[in-house]
Amino acid sequence: MRAVMLSMLSLAALPALAAGPDEARIEQLLAAKPEAAAPAAKGKPARGKAAETDSAASLVGQRVVVETRSQGVYLGTLTAVSRDALTLAIELPARSVSYTLPRANVARIAPR
Amino acid sequence: MTLVLVAYLISLVFGILMVVRVWRASTLDGVLTLLLPFYFIVALIKYWNDPDHNIRFHVLGIFICSVVAIWSASSMTRHAGGMSGVGDKADLQARSQVIKIMREQGLTITPEQEQRLLSEDEAVSDAAWRELGVRDEGDGSGAVAAGAHGSGEPSRARDAEFDNPRPVAAQERPVETLSYAEAARRAVFNRGRWTRDSTGFSIDVPAKFRLISAADARRLDSARARPEDSRIMAWILHENTPLADPDSWHVKVRWISDGWVATQALEPVQLLQTALDNKQPQPRVAASSGDLLGYAVAPRFDGQVLEWAEERVLVNSDHQVVDCHALRPGRRGVLEFSIVGMAPGQLALCQATVRLLADRTSFLEGKEYPAAPPDGLRAPYTLAALATHMP
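The paragraphs below set out a description of the structure included in this document. Along each chain, the written sequence defines residue order, and numbers are assigned to residues from 1. Key to labels: chains lettered from A, ligands numbered from 1, both in the order written. In keeping with the model being predicted, local features are shown solely for residues with a pLDDT of at least 70 and side-chain atom pairs are shown and tallied solely at 80 or more, while totals for entire chains, interfaces and linings include all residues. To obtain the side-chain values, all non-hydrogen atoms of the structure were used and water was disregarded.

### Re the packing of aromatic side chains
Okay, so step 1: Pairing of aromatic rings covers Phe, Tyr and the six-membered ring of Trp, with a centre-to-centre limit of 6.5 Å; geometry is then stacked below 30 degrees between planes, edge-to-face above 60, and tilted otherwise. Under the criterion given, the structure shown has seven aromatic pairs over all chains.
Okay, so step 2: Relative to A:Tyr99, the ring of A:Tyr74 lies with its centre 5.0 Å away and its plane at 20°, an arrangement referred to as stacked. Of this pair, A:Tyr74 sits in strand E2 (residues 73–81) while A:Tyr99 sits in strand E4 (residues 96–102), placing them 25 residues apart in sequence.
Okay, so step 3: Residue exposure (1.4 Å probe, protein chains only): buried if accessible area is under 20% of the type maximum, exposed if over 50%, otherwise partly exposed. Its relative accessible area of 3% is what places A:Tyr74 among the buried residues.
Okay, so step 4: Note on B:Phe14 and B:Phe57: the rings are 5.6 Å apart at their centroids and 75° apart in plane angle, and the pair reads as edge-to-face. Placement of the pair is B:Phe14 in helix H1 (residues 2–25) and B:Phe57 in helix H4 (residues 56–81), with a sequence separation of 43 residues.
Okay, so step 5: Under the relative-accessibility criterion, B:Phe14 is labelled buried at 16%.
Okay, so step 6: Among the aromatic residues, ring-to-ring pairing joins B:Trp194, B:Phe201, B:Trp255 and B:Phe363 into one connected group. Every helix listed is a DSSP run of H or I at least four residues long, and every strand listed is a run of E at least two residues long, numbered separately from the N terminus.

Have a look at this one:
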């Protein structure tokens, strides 16, 4: 009897036990609101960005590689730098687009 | 099924009442009846003549319920097993079903072949099945298995997808045109482990996800007038994303059956430069109809899974989307998990989902990805070319 009860309890608990950390993370991401794709909100700048902004400003007009904190990579010509965002001109087959990256997501910027 | 469940529940109630009754007579006996599977026999004998604590009625009830449950379960099994070999009509249906499954798995079967496969003349039918490398196991279960190439050749393992790498032409598989809502309503959701023997992989679908077959996926694509994807194997959806909503996201599962794909060191910046310089991309993976802006997640290969995400700007629009990919190379092709057209703000969800599914995939024995090129078909491109869409 006890064995039957235990097996029933185990069956009921199985999905919770089977859900690994990856599945739990997906559930959290689903529950969370989508992150804003637009550049970081204007307002109070992040601390310690001033020096970084200056180094990025010296690259304006150059072709650069930008690595993001989410392990992304972008290539383009740096056209504008602000406290909150970097703007790249990216050449596409039929047109050129101006692409804005939030500074908060930039891990590294280097000339190409 | 219902009868089994009802009988089981009634026996459970009898069991609980029995323990309670014995417990009232003696706590020790109650505990032992609860813990030890057959201790109730001791309690049955011990309290046989005790009108307040005897459990004769309870044991009888459990016994009757068990008999009913076993009888019902065995009749269910008989019913399920009786599908094959009971007559020509059932046999024909079983053969039609096998043909449908083989098509779903990417085998090319022409209408003439189908006619011969379904022929009432046993000799014609057998010859047609042998031509396809499929033989009847003859165990009455209607099972089919990989067999010899031809009557004169020795029997050896055979991979249907490997022997038929050519994408199946759309006109050979007419797709019924339905409204999207109707196609969604007809879709059958699969859970648990999903195995494709001919291509040699198995996906352990996570608990909160559901899988729909290639036939259902094609119907849904057709309902939205999307071009047919000959490499599609399935769609996988989260249980909270309604299939009836045509804009809800899903994971495309595709089998790129071009053979073993060589690896090379992946240098993200170089790959991106190559991809941006490629003015006529030829994507082998599912992709949004737009131009590549950059890698939202740079390509990386850990020996098992190649993953990356592309940020794209849609054609004639400034609208940006991300396409997430996780590819699992195997011995004879690459299994692809892709989500296309996701909002950039959902990149983390997109990438985590395709990665989870790739991690939940395993190749069957002998179909795993070997580091060295195996004998047989080799793809004329490398894994890097999949991420750059080079020819």
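After that view of the structure, there is still more to cover.
### Concerning the pattern of salt bridges
Residue and element names in this part refer to chain B.
Okay, so step 1: A pair is scored as a salt bridge if a Lys or Arg side-chain nitrogen falls within 4 Å of a carboxyl oxygen belonging to Asp or Glu. In this structure the tally under the stated criterion is 22 salt bridges over all chains.
Okay, so step 2: Arginine 360 serves as the salt-bridge partner of aspartate 204, at 3.4 Å between the closest nitrogen and oxygen. Pair noted here: aspartate 204 is in strand E4 (residues 201–204) and arginine 360 is in the loop between helix H12 (347–359) and strand E13 (361–363), with a separation of 156 residues, a long-range link.
Okay, so step 3: Each of Arg300, Asp302, Glu307, Arg355 and Asp359 takes part in salt bridges that share partners, so that together they form one network.

### Regarding the environment of B:Asp50
Residues and elements named next belong to chain B.
Okay, so step 1: With respect to the secondary-structure elements, aspartate 50 resides in the loop between helix H3 (40–46) and H4.
Okay, so step 2: Relative accessible area serves as the criterion here: at 23%, aspartate 50 is assigned to the partly exposed category.
Okay, so step 3: Note: C-alpha distance between aspartate 50 and alanine 25 (25 residues apart in sequence) is 9.5 Å.
Okay, so step 4: At a separation of 2.9 Å, a polar atom in the side chain of aspartate 50 contacts the main-chain amide nitrogen of aspartate 52. What qualifies as a polar contact is a pair of N or O atoms within 3.5 Å, subject to a donor-acceptor requirement within protein and to the restriction that residues adjacent in sequence count only when both atoms come from side chains.

Note that all results are geometric; they support no functional claim without further evidence.
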